[in-house]
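As a plain string of letters, each chain reads:
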Amino acid sequence: MRTLEFDELQRALILIDQTRLPHHTELVSCRTPEQVAHAIRTMQVRGAPAIGVAAAFGLLLAALAHPSNDPRAFLDDLERTAAMLRQTRPTAVNVHWALDRMLAQARVAAEEDGVEAARSALMLRAHELADQDVDANRRMGAFGLDLVPSGANILTHCNAGALATVDYGTALGVVRAAHEAGRGVHVYVDETRPFLQGARLTAWELQRLGVPMTLITDSMAGHFMSRGKVDLVLVGADRVAANGDVANKIGTYSLAVLARENGIPFYVAAPTSTIDLSLKSGVEIPIEERSSSEVAEVSGVRIAPEGVHAAHPAFDVTPARLVTAIITERGVLRPPLQESLAQAVHAEPPVLA
Ligand code: MRU
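Quick look at the structure, then. Worth saying up front: this structure is predicted, and the values here are computed from it rather than measured. (Residues numbered from 1 in each chain as written. Predicted model: local features only at pLDDT ≥ 70, side-chain atom pairs only at ≥ 80, totals over all residues. Heavy atoms only, no water.)

This part covers the nonpolar core. Generally speaking, a soluble globular protein has its nonpolar side chains buried in company with each other. Within the largest apolar cluster, 50 residues are counted, with the highest numbers of intra-cluster contacts made by Leu4, Leu13, Val45, Phe57, Leu60, Phe74 and Leu78. Elements with a minimum of two residues in this core: β1 (4–7), β2 (12–16), β3 (27–30), α1 (33–41), α2 (48–65), α3 (71–86), α4 (94–113) and α5 (115–144). With 14 residues, the top contributor of residues to this core is α2. Ignoring any residue separated from it by four or fewer positions in sequence, one finds Phe57 in contact with Leu4, Phe6, Leu13, Ala126, His127 and Ala130. Counting 29 residues, the second-largest nonpolar core is a separate cluster that includes Tyr188, Ile216, Val230 and Ile275. (Core = buried A, V, L, I, M, F, W, Y, C linked by side-chain atoms within 4.5 Å. Buried < 20%, exposed > 50% of the residue type's maximum accessible area, 1.4 Å probe, protein only. Helix = DSSP H or I, 4+ residues; strand = E, 2+ residues; numbered from the N terminus. Contact = heavy atoms within 4.5 Å.)

Below is the structure:
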(Lines give C-alpha, C1' and ligand atoms only; values in the text may rest on other atoms or scores of the structure.)
Protein backbone atom coordinates (compact mmCIF):
# COMPACT_ATOMS: atom_id res chain seq x y z
CA MET A 1 0.00 0.00 0.00
CA ARG A 2 0.93 3.66 -0.17
CA THR A 3 2.34 5.39 2.95
CA LEU A 4 -1.10 6.92 3.39
CA GLU A 5 -4.46 6.13 1.87
CA PHE A 6 -7.91 7.57 2.36
CA ASP A 7 -10.70 5.08 3.01
CA GLU A 8 -13.85 6.75 1.72
CA LEU A 9 -16.25 4.19 3.22
CA GLN A 10 -14.78 4.44 6.71
CA ARG A 11 -14.01 8.14 6.28
CA ALA A 12 -10.55 7.57 7.66
CA LEU A 13 -6.96 8.31 6.73
CA ILE A 14 -4.99 5.07 6.99
CA LEU A 15 -1.26 5.42 7.67
CA ILE A 16 1.65 3.02 7.98
CA ASP A 17 2.82 3.65 11.55
CA GLN A 18 6.46 4.64 11.00
CA THR A 19 7.28 4.62 14.71
CA ARG A 20 6.78 0.82 14.69
CA LEU A 21 8.98 0.02 11.68
CA PRO A 22 11.06 -1.96 10.86
CA HIS A 23 10.04 -4.70 13.30
CA HIS A 24 6.27 -4.21 13.18
CA THR A 25 4.13 -3.24 10.21
CA GLU A 26 1.06 -1.65 11.74
CA LEU A 27 -1.56 0.71 10.41
CA VAL A 28 -3.08 3.74 12.16
CA SER A 29 -6.55 4.90 11.32
CA CYS A 30 -7.28 8.64 11.73
CA ARG A 31 -10.95 9.62 11.73
CA THR A 32 -10.62 13.22 12.89
CA PRO A 33 -8.30 16.12 12.03
CA GLU A 34 -7.01 15.99 15.62
CA GLN A 35 -5.98 12.35 15.13
CA VAL A 36 -4.17 13.31 11.92
CA ALA A 37 -2.39 16.15 13.77
CA HIS A 38 -1.39 13.70 16.50
CA ALA A 39 -0.01 11.24 13.93
CA ILE A 40 2.07 14.01 12.33
CA ARG A 41 3.34 15.35 15.66
CA THR A 42 4.38 11.93 16.95
CA MET A 43 5.93 11.05 13.57
CA GLN A 44 3.71 8.05 12.87
CA VAL A 45 3.67 9.80 9.51
CA ARG A 46 6.73 11.88 8.67
CA GLY A 47 8.74 13.30 5.77
CA ALA A 48 7.84 16.64 4.21
CA PRO A 49 5.65 15.52 1.27
CA ALA A 50 3.89 12.83 3.34
CA ILE A 51 2.89 15.21 6.14
CA GLY A 52 1.69 17.74 3.55
CA VAL A 53 -0.70 15.24 2.00
CA ALA A 54 -1.71 13.89 5.43
CA ALA A 55 -2.65 17.44 6.46
CA ALA A 56 -4.75 17.80 3.29
CA PHE A 57 -6.71 14.66 4.23
CA GLY A 58 -6.99 15.98 7.79
CA LEU A 59 -8.74 19.05 6.40
CA LEU A 60 -10.96 16.81 4.28
CA LEU A 61 -12.05 14.99 7.46
CA ALA A 62 -13.08 18.35 8.94
CA ALA A 63 -15.06 19.17 5.79
CA LEU A 64 -16.86 15.81 5.84
CA ALA A 65 -17.73 16.14 9.53
CA HIS A 66 -18.87 19.77 9.42
CA PRO A 67 -22.55 19.84 10.47
CA SER A 68 -23.95 22.93 8.71
CA ASN A 69 -24.62 23.86 5.10
CA ASP A 70 -23.74 27.48 5.64
CA PRO A 71 -20.65 28.33 3.52
CA ARG A 72 -19.36 30.93 6.03
CA ALA A 73 -19.52 28.55 9.01
CA PHE A 74 -18.04 25.77 6.88
CA LEU A 75 -15.09 27.90 5.75
CA ASP A 76 -14.48 29.24 9.29
CA ASP A 77 -14.35 25.66 10.55
CA LEU A 78 -11.84 24.72 7.85
CA GLU A 79 -9.65 27.77 8.59
CA ARG A 80 -9.55 26.82 12.27
CA THR A 81 -8.69 23.21 11.45
CA ALA A 82 -5.98 24.30 9.02
CA ALA A 83 -4.45 26.57 11.69
CA MET A 84 -4.35 23.60 14.07
CA LEU A 85 -2.74 21.34 11.42
CA ARG A 86 -0.17 24.02 10.52
CA GLN A 87 1.14 23.92 14.08
CA THR A 88 2.06 20.24 14.07
CA ARG A 89 5.59 20.48 12.68
CA PRO A 90 7.05 23.86 11.75
CA THR A 91 9.95 23.17 9.37
CA ALA A 92 8.43 21.39 6.36
CA VAL A 93 6.64 23.94 4.18
CA ASN A 94 4.66 21.18 2.45
CA VAL A 95 1.99 21.27 5.19
CA HIS A 96 1.26 24.93 4.37
CA TRP A 97 1.54 24.27 0.64
CA ALA A 98 -1.08 21.51 0.75
CA LEU A 99 -3.43 23.32 3.14
CA ASP A 100 -3.28 26.53 1.07
CA ARG A 101 -4.40 24.55 -1.99
CA MET A 102 -7.19 22.80 -0.09
CA LEU A 103 -8.47 26.07 1.41
CA ALA A 104 -8.40 27.81 -1.97
CA GLN A 105 -10.45 24.96 -3.42
CA ALA A 106 -12.89 25.08 -0.49
CA ARG A 107 -13.48 28.83 -0.85
CA VAL A 108 -14.21 28.73 -4.55
CA ALA A 109 -16.45 25.66 -4.37
CA ALA A 110 -18.37 26.66 -1.19
CA GLU A 111 -19.03 30.21 -2.31
CA GLU A 112 -20.01 29.27 -5.87
CA ASP A 113 -21.76 25.90 -5.45
CA GLY A 114 -22.40 25.37 -1.74
CA VAL A 115 -21.02 23.20 1.04
CA GLU A 116 -21.92 19.78 -0.37
CA ALA A 117 -20.18 20.58 -3.65
CA ALA A 118 -17.18 21.85 -1.68
CA ARG A 119 -16.93 18.52 0.17
CA SER A 120 -16.79 16.65 -3.16
CA ALA A 121 -14.29 19.13 -4.60
CA LEU A 122 -12.06 18.72 -1.53
CA MET A 123 -12.21 14.94 -1.79
CA LEU A 124 -11.00 15.19 -5.40
CA ARG A 125 -8.37 17.80 -4.56
CA ALA A 126 -6.85 15.76 -1.71
CA HIS A 127 -6.61 12.67 -3.92
CA GLU A 128 -5.12 14.82 -6.66
CA LEU A 129 -2.43 16.15 -4.27
CA ALA A 130 -1.60 12.55 -3.30
CA ASP A 131 -1.37 11.41 -6.94
CA GLN A 132 0.64 14.49 -7.93
CA ASP A 133 3.16 13.66 -5.24
CA VAL A 134 3.75 10.17 -6.65
CA ASP A 135 3.98 11.57 -10.16
CA ALA A 136 6.48 14.26 -9.05
CA ASN A 137 8.64 11.61 -7.39
CA ARG A 138 8.75 9.47 -10.51
CA ARG A 139 9.73 12.52 -12.56
CA MET A 140 12.48 13.38 -10.09
CA GLY A 141 13.70 9.81 -10.40
CA ALA A 142 13.91 10.17 -14.19
CA PHE A 143 15.66 13.57 -14.06
CA GLY A 144 18.01 12.46 -11.29
CA LEU A 145 19.16 9.47 -13.31
CA ASP A 146 21.46 11.75 -15.35
CA LEU A 147 23.43 12.52 -12.18
CA VAL A 148 24.08 8.92 -11.15
CA PRO A 149 27.00 7.18 -12.87
CA SER A 150 27.10 3.39 -13.23
CA GLY A 151 28.33 1.68 -10.10
CA ALA A 152 27.93 4.87 -8.03
CA ASN A 153 28.27 4.81 -4.27
CA ILE A 154 25.58 7.16 -2.97
CA LEU A 155 25.47 8.48 0.58
CA THR A 156 22.04 9.43 1.95
CA HIS A 157 20.76 10.78 5.25
CA CYS A 158 17.43 10.35 7.03
CA ASN A 159 14.62 8.84 4.98
CA ALA A 160 13.54 10.52 1.76
CA GLY A 161 11.91 7.38 0.44
CA ALA A 162 8.42 6.06 -0.24
CA LEU A 163 7.66 6.39 3.47
CA ALA A 164 8.46 10.12 3.48
CA THR A 165 6.12 10.69 0.54
CA VAL A 166 2.88 9.17 -0.67
CA ASP A 167 4.94 6.64 -2.62
CA TYR A 168 8.25 6.14 -4.47
CA GLY A 169 10.32 8.78 -2.63
CA THR A 170 12.41 11.82 -3.56
CA ALA A 171 16.11 11.12 -2.93
CA LEU A 172 15.41 7.39 -2.67
CA GLY A 173 13.21 7.74 -5.76
CA VAL A 174 16.37 8.71 -7.65
CA VAL A 175 18.21 5.73 -6.11
CA ARG A 176 15.31 3.50 -7.06
CA ALA A 177 15.25 4.78 -10.65
CA ALA A 178 19.01 4.18 -10.92
CA HIS A 179 18.64 0.68 -9.48
CA GLU A 180 15.75 -0.12 -11.83
CA ALA A 181 17.81 1.20 -14.77
CA GLY A 182 20.52 -1.33 -13.91
CA ARG A 183 23.12 1.23 -12.82
CA GLY A 184 24.42 -1.10 -10.12
CA VAL A 185 24.36 1.51 -7.36
CA HIS A 186 25.29 0.99 -3.72
CA VAL A 187 24.02 3.21 -0.89
CA TYR A 188 25.70 4.28 2.33
CA VAL A 189 22.81 4.80 4.74
CA ASP A 190 23.46 7.23 7.61
CA GLU A 191 21.66 5.87 10.68
CA THR A 192 20.43 9.45 11.38
CA ARG A 193 20.56 10.11 15.09
CA PRO A 194 18.50 10.68 17.09
CA PHE A 195 15.30 9.34 15.51
CA LEU A 196 17.13 6.75 13.38
CA GLN A 197 15.14 7.23 10.20
CA GLY A 198 18.13 5.89 8.23
CA ALA A 199 18.67 2.71 10.23
CA ARG A 200 14.96 1.97 10.72
CA LEU A 201 13.27 3.23 7.56
CA THR A 202 15.77 3.76 4.72
CA ALA A 203 17.48 0.43 5.42
CA TRP A 204 14.04 -1.25 5.49
CA GLU A 205 13.00 0.30 2.18
CA LEU A 206 16.27 -0.44 0.37
CA GLN A 207 16.26 -4.01 1.62
CA ARG A 208 12.76 -4.54 0.23
CA LEU A 209 13.84 -3.03 -3.09
CA GLY A 210 16.97 -5.20 -3.23
CA VAL A 211 19.31 -2.20 -3.43
CA PRO A 212 22.80 -3.02 -2.06
CA MET A 213 23.56 -0.86 0.99
CA THR A 214 25.82 -0.39 3.97
CA LEU A 215 24.47 1.11 7.18
CA ILE A 216 26.87 3.54 8.87
CA THR A 217 26.68 5.85 11.88
CA ASP A 218 26.47 9.54 10.99
CA SER A 219 30.01 10.10 12.29
CA MET A 220 31.48 7.64 9.74
CA ALA A 221 30.47 9.69 6.69
CA GLY A 222 33.68 11.78 6.62
CA HIS A 223 35.83 8.68 6.85
CA PHE A 224 34.19 7.02 3.85
CA MET A 225 34.25 10.24 1.83
CA SER A 226 37.95 10.81 2.52
CA ARG A 227 38.77 7.27 1.38
CA GLY A 228 37.11 7.80 -2.00
CA LYS A 229 34.20 5.48 -1.19
CA VAL A 230 31.41 8.00 -1.89
CA ASP A 231 30.66 9.35 -5.38
CA LEU A 232 27.73 11.57 -4.50
CA VAL A 233 25.58 12.67 -1.58
CA LEU A 234 21.84 12.65 -2.20
CA VAL A 235 19.31 13.93 0.35
CA GLY A 236 15.76 15.26 0.53
CA ALA A 237 14.56 18.62 1.89
CA ASP A 238 11.92 20.03 4.21
CA ARG A 239 12.09 23.57 2.94
CA VAL A 240 14.17 25.38 0.34
CA ALA A 241 14.43 29.17 0.69
CA ALA A 242 14.41 31.54 -2.31
CA ASN A 243 18.22 31.76 -2.35
CA GLY A 244 18.64 27.96 -2.42
CA ASP A 245 19.44 27.37 1.27
CA VAL A 246 18.10 23.93 2.18
CA ALA A 247 16.59 22.81 5.48
CA ASN A 248 16.78 19.06 5.97
CA LYS A 249 17.28 16.54 8.76
CA ILE A 250 19.84 17.52 11.40
CA GLY A 251 23.27 16.38 10.21
CA THR A 252 22.71 17.29 6.54
CA TYR A 253 24.79 20.48 6.80
CA SER A 254 27.78 18.54 8.12
CA LEU A 255 27.52 16.16 5.13
CA ALA A 256 27.49 19.09 2.69
CA VAL A 257 30.63 20.54 4.27
CA LEU A 258 32.34 17.14 4.13
CA ALA A 259 31.25 16.67 0.52
CA ARG A 260 32.73 20.05 -0.47
CA GLU A 261 35.98 19.31 1.38
CA ASN A 262 36.27 16.00 -0.48
CA GLY A 263 35.20 17.28 -3.92
CA ILE A 264 31.99 15.20 -3.95
CA PRO A 265 28.74 16.51 -5.51
CA PHE A 266 25.95 17.26 -3.03
CA TYR A 267 22.48 16.83 -4.53
CA VAL A 268 19.07 17.61 -3.04
CA ALA A 269 15.91 15.97 -4.42
CA ALA A 270 12.83 18.02 -3.60
CA PRO A 271 9.47 18.60 -5.29
CA THR A 272 8.49 22.23 -5.95
CA SER A 273 6.00 21.91 -3.05
CA THR A 274 9.08 22.14 -0.80
CA ILE A 275 10.29 25.45 -2.22
CA ASP A 276 9.32 28.53 -0.20
CA LEU A 277 10.01 31.68 -2.21
CA SER A 278 8.52 33.81 0.59
CA LEU A 279 11.67 33.29 2.66
CA LYS A 280 14.78 35.08 1.40
CA SER A 281 17.26 32.73 3.01
CA GLY A 282 17.59 29.74 5.31
CA VAL A 283 18.01 31.94 8.41
CA GLU A 284 14.25 32.53 8.23
CA ILE A 285 13.32 28.83 8.15
CA PRO A 286 11.77 27.78 11.48
CA ILE A 287 13.73 24.89 12.97
CA GLU A 288 11.67 22.43 14.98
CA GLU A 289 12.97 21.72 18.47
CA ARG A 290 11.87 18.26 19.55
CA SER A 291 11.89 16.63 22.96
CA SER A 292 15.31 16.18 24.54
CA SER A 293 14.26 12.68 25.55
CA GLU A 294 14.59 11.62 21.88
CA VAL A 295 18.33 12.39 22.24
CA ALA A 296 18.86 11.14 25.78
CA GLU A 297 17.08 7.87 24.99
CA VAL A 298 17.35 5.26 22.24
CA SER A 299 14.13 3.38 21.54
CA GLY A 300 12.79 4.40 24.93
CA VAL A 301 15.91 3.30 26.86
CA ARG A 302 17.73 6.10 28.71
CA ILE A 303 21.41 6.27 27.67
CA ALA A 304 22.45 9.56 29.31
CA PRO A 305 22.53 10.04 33.10
CA GLU A 306 19.20 11.21 34.54
CA GLY A 307 18.99 15.00 34.72
CA VAL A 308 21.36 15.69 31.79
CA HIS A 309 20.03 18.34 29.43
CA ALA A 310 20.01 17.39 25.73
CA ALA A 311 19.41 19.73 22.79
CA HIS A 312 17.32 18.56 19.87
CA PRO A 313 17.07 20.78 16.79
CA ALA A 314 15.44 18.35 14.33
CA PHE A 315 16.73 20.09 11.19
CA ASP A 316 19.64 22.20 10.02
CA VAL A 317 20.23 24.52 7.08
CA THR A 318 22.74 23.85 4.32
CA PRO A 319 23.82 27.07 2.59
CA ALA A 320 23.09 27.24 -1.14
CA ARG A 321 26.80 27.55 -1.96
CA LEU A 322 27.31 23.93 -0.86
CA VAL A 323 24.47 22.57 -3.03
CA THR A 324 25.58 21.23 -6.43
CA ALA A 325 22.03 20.94 -7.82
CA ILE A 326 18.40 20.49 -6.76
CA ILE A 327 16.46 17.75 -8.52
CA THR A 328 12.79 18.69 -8.91
CA GLU A 329 9.89 17.26 -10.90
CA ARG A 330 10.45 20.11 -13.38
CA GLY A 331 14.11 19.37 -14.01
CA VAL A 332 17.52 19.61 -12.38
CA LEU A 333 18.12 23.12 -11.02
CA ARG A 334 21.68 24.43 -11.07
CA PRO A 335 23.19 27.57 -9.56
CA PRO A 336 22.40 30.39 -9.54
CA LEU A 337 19.63 28.70 -7.56
CA GLN A 338 17.87 31.99 -6.81
CA GLU A 339 16.95 32.17 -10.51
CA SER A 340 16.38 28.51 -11.29
CA LEU A 341 14.13 28.04 -8.21
CA ALA A 342 11.94 31.02 -9.11
CA GLN A 343 11.55 29.75 -12.67
CA ALA A 344 10.59 26.26 -11.50
CA VAL A 345 7.98 27.54 -9.02
CA HIS A 346 6.43 29.98 -11.47
CA ALA A 347 5.92 27.16 -13.95
CA GLU A 348 2.96 26.14 -11.72
CA PRO A 349 -0.44 27.81 -12.16
CA PRO A 350 -1.06 30.27 -9.25
CA VAL A 351 -3.13 29.13 -6.26
CA LEU A 352 -6.72 30.40 -6.48
CA ALA A 353 -7.38 33.40 -4.24
O1 MRU B 1 11.77 14.52 10.90
P2 MRU B 1 11.44 13.84 9.61
O3 MRU B 1 11.72 12.39 9.62
O4 MRU B 1 10.06 14.19 9.13
O5 MRU B 1 12.47 14.51 8.59
C6 MRU B 1 12.41 14.12 7.26
C7 MRU B 1 13.51 14.66 6.44
O8 MRU B 1 14.35 15.42 6.89
C9 MRU B 1 13.51 14.31 4.99
O10 MRU B 1 14.79 14.28 4.46
C11 MRU B 1 12.66 15.34 4.21
O12 MRU B 1 11.40 15.50 4.79
C13 MRU B 1 12.50 14.97 2.80
S14 MRU B 1 11.45 13.59 2.62
C15 MRU B 1 11.15 13.28 1.00
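Right, picking up where we left off after that structure.
This part covers the sheet that holds strand β8 (residues 239–241). A sheet is described by the order of its strands in space; here four strands give the open sequence β11-β8-β9-β14, paired in mixed fashion. The open sheet has two edge strands, β11 (275–276) and β14 (315–318), and neither has a second partner. Where strand β9 (residues 246–249) and β14 come together, four bridges link them in antiparallel fashion. Across the sheet, residue Asn248 finds its bridge partner in β14, namely Asp316. Those strands touched by helix α9 (residues 252–261) are β9 and β14, and its axis lies near 30° from that of β14. (Pairing = 2+ DSSP bridges. Axes fitted to C-alpha atoms, helices over the stretch in contact; angles between N-to-C directions.)

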